Amino acid sequence: MPSPSPVPDAVAAHLERFLARMRDESTEYGPDAAAFLDAAVGMLDGGKRLRARFCHAGWRAVARFDDRDATETDPLWDVCTALEIFQSAALVHDDLIDNSDTRRGRPAAHRALEASHREAGWSGDADAFGRAAAILLGDLLVAWSDDLLESALDGQPHARVVRAEYAKMRRDVTTGQFLDIAEESAWSVNDGHLHAERALRVASLKSARYSIEQPLVLGAALGGADEDQISALRRFGHPIGMAFQLRDDVLGVFGDASVTGKPTGDDLREGKRTVLVALTRESLDPSARNLLDEMLGDPELTPQQVSFLQATITGSGALDRVETMIADYAREADRALSGARLDNAAVGELRELGRAATVRSA
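Peer 1: Can you explain the overall build of the chain? Please cite residues and give values.
Peer 2: Tallying secondary structure elements over the chain gives 16 helices and two strands in all. At 21 Å, the chain has a C-alpha radius of gyration in line with the 21 Å of a compact globule built from 362 residues. When its C-alpha atoms are laid out on the principal axes, the chain stretches across 60 × 60 × 35 Å. Residue burial in the chain is summarised as follows: out of 362 residues, 51% are buried. Of all intrachain contacts in the chain linking residues separated by at least 6 positions in sequence, the fraction that spans at least 24 positions is 77%. If the 41 positive side-chain charges of the chain are averaged to one point and the 59 negative ones to another, these points end up 4 Å apart.

Peer 1: Explain the layout of surface pockets to me, using residue names and the numbers behind them.
Peer 2: The computed volume of the second largest pocket comes to approximately 410 Å³. Forming the walls of the second largest pocket are 21 residues, and the residues nearest its centre are Ala35, Ala39, Ala109, Ala112 and Leu113. Only helix H2 (31-43), strand E2 (106-107), helix H5 (109-119) and helix H6 (126-153) provide two or more residues apiece to the lining of the second largest pocket. Per-element accounting of the lining of the second largest pocket gives the leading share, seven residues, to H2. Of the residues belonging to the lining of the second largest pocket, the class tally is 15 nonpolar, two polar and four charged.

Peer 1: Let's hear about the pattern of salt bridges: which residues, and what values?
Peer 2: Scanning the model with the defined rule gives 35 salt bridges in all. With a closest N to O distance of 3.0 Å, Lys272 and Asp98 form a salt bridge. With Lys272 in the loop between helix H11 (266-270) and helix H12 (275-283) and Asp98 in helix H4 (residues 74-98), the pair connects residues that are 174 residues apart, well separated along the chain. Each member of the pair, Lys272 as well as Asp98, carries the same accessibility label: buried. With a closest N to O distance of 3.4 Å, Asp172 and Arg209 form a salt bridge. Within this pair, whereas Asp172 is found in helix H7 (residues 159-186), its partner Arg209 is found in helix H8 (residues 195-222), the two being separated by 37 residues in sequence. For Asp172, a relative accessible area of 9% corresponds to the buried category. Through salt bridges that share partners, Asp94, Asp95, Asp98, Arg103, Asp180, Glu184, Lys206, Lys262 and Lys272 make up one connected network.

Peer 1: Give a detailed account of the state of the cysteines, specifying residues and quantitative values.
Peer 2: Evaluated as defined, the whole model comprises zero disulfides. Looking at the unpaired Cys55, the closest cysteine sulfur is the one in Cys80, lying at 3.8 Å.

Peer 1: Can you tell me about the packing of H12 against helix H14 (residues 303-316), naming the residues and giving the values?
Peer 2: Contact geometry of H12 with H14 gives a least axis separation of 9 Å together with a crossing angle of 70°. For the element pair H12 / H14, the angle class is roughly perpendicular. In the crossing of H12 with H14, the sense of the turn from one axis to the other is left-handed. Seen from H12, the contacting residues are Leu276, Thr280 and Ser283; seen from H14, they are Thr312, Ile313 and Ser316.

Peer 1: Quick one: what's the story with the environment of Asp328, residue by residue and with numbers?
Peer 2: Its place among the elements puts Asp328 in helix H15 (residues 318-337). The class for Asp328 is partly exposed, based on a relative accessible area of 37%. Residues Asp328 and Gly155, spaced 173 residues apart in sequence, show a C-alpha to C-alpha distance of 42 Å.

Peer 1: Lay out a nonpolar patch on the surface with the relevant residues and their values.
Peer 2: Residues Ile97, Phe178 and Ile181 make up a contiguous nonpolar surface patch of about 260 Å² in total accessible area. Note that Ile181 resides in helix H7. By relative accessible area, which is 32% here, Ile181 ends up partly exposed.

Peer 1: Describe the environment of Trp59, with residues and values.
Peer 2: Position of Trp59 relative to the elements: it lies in helix H3 (residues 50-66). By relative accessible area, which is 7% here, Trp59 ends up buried. For the pair formed by Trp59 and Asp343, sequence separation is 284 residues and the distance between their alpha carbons is 9.9 Å.

Peer 1: Run through empty space enclosed by the protein, naming residues and quoting values.
Peer 2: Across all of its chains, the model carries one cavity of 30 Å³ or more by this definition. Considering only enclosed or pocket space, the largest cavity measures out at about 50 Å³ in volume. Surrounding the largest cavity, Glu183, Trp187, His195, Arg273, Thr274, Val277, Ala278 and Arg281 form its lining. Here the lining of the largest cavity is built from residues that sort into three nonpolar, two polar and three charged.

Calculation rules
- Residues numbered from 1 in each chain as written.
- Predicted model: local features only at pLDDT ≥ 70, side-chain atom pairs only at ≥ 80, totals over all residues.
- Heavy atoms only, no water.
- Helix = DSSP H or I, 4+ residues; strand = E, 2+ residues; numbered from the N terminus.
- Rg over C-alpha atoms; globule rule 2.2 N^0.38 Å.
- Buried < 20%, exposed > 50% of the residue type's maximum accessible area, 1.4 Å probe, protein only.
- Contact = heavy atoms within 4.5 Å.
- Lys, Arg positive; Asp, Glu negative; His and termini not counted.
- Charge placed at Lys NZ, Arg CZ, Asp CG, Glu CD.
- 1 Å grid on protein atoms, 1.4 Å probe; cavity = no way out; pocket = protein on both sides within 12 Å on 5 of 7 lines; lining within 4 Å.
- Points joined across faces, edges and corners; volume = space filled by probe spheres on them.
- Nonpolar A, V, L, I, M, F, W, Y, C, P; charged D, E, K, R; others polar.
- Salt bridge = Lys/Arg side-chain N within 4 Å of Asp/Glu carboxyl O.
- Disulfide = S-S within 2.5 Å.
- Axes fitted to C-alpha atoms, helices over the stretch in contact; angles between N-to-C directions.
- Parallel < 35°, antiparallel > 145°, perpendicular 65-115°, else oblique.
- Left-handed = near helix turned anticlockwise from the far one by under 90°.
- Patch = residues over 30% accessible without salt bridge, like charges linked within 9 Å, V, L, I, M, F, W, Y side chains within 5 Å.
- Areas by Shrake-Rupley, 256 points an atom, 1.4 Å probe, with all protein chains shown as cover.

Put into structure tokens, the structure is as follows:
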């Protein structure tokens, strides 16, 4: 992401303050709960702070349009931080759903909790413990996110609008996550020509709105945005979010494990029915399509089989088509900012953020 930026340091400081309060309030829970809280804290370390950056940029675009000297306040930074806590919750659940072993080059939360069970010499099934504990860990992070959001909005004049957008964001991403896992099973009973459309719906709900559009709107709403300003930011944020998810889909198949922190071809082993896969299927003859369907979702795919699937996707033209879609979405987003009643410096930052979100290797 673009740098330098005040966002990572500000989020880190507000996270530290919030987590200190959570630790103080949880001393009565005992040592086992302390280890659980440590796992939650560990999930909040690292990441690109993408959502916080877009939230901050949305606020700047509006607040500094009306007041060039407007300065960031604790409520703004707390809303940015609440978004990052919620993102960590989503990652815990996402890794559990996808049976992912790693996250950011480290063990995924359920694997780390499984390991802690073994190291402590506890009885019972360590794997089952890790999965159950990770569900609760994600729930705790959602609760922390809500706690911080509500304290940030106390006394804020635009709290109702921010709260409503945040609630919709939670509903959208949860439903999008369900549709994502449903598509791994539902594809077989739906017309192949509908697969890309269905995958785009998942991308919109699970990622485009949640990762870019809604953080922008949250920051802008906190800054007192009017309807025209919100509309311009939505028209920018949604296509950038779609391009961001399509890039993520490409990286899920072709990404370098040393950069992404995930095994190469992870989406192929998980059987993700992405736009990239849908467009590939459209271009294959029936026998090649059947072979693709048989191989997708096999967790034991060898590196050679992953390479074969990568070549199939590239040879079908689907990769080029997705790259074209990414470029088209980026142009659509750029046009949305032209003439918008937003701070000029913030518009430049938004364009830079948009480029970084769609042209990336991790």
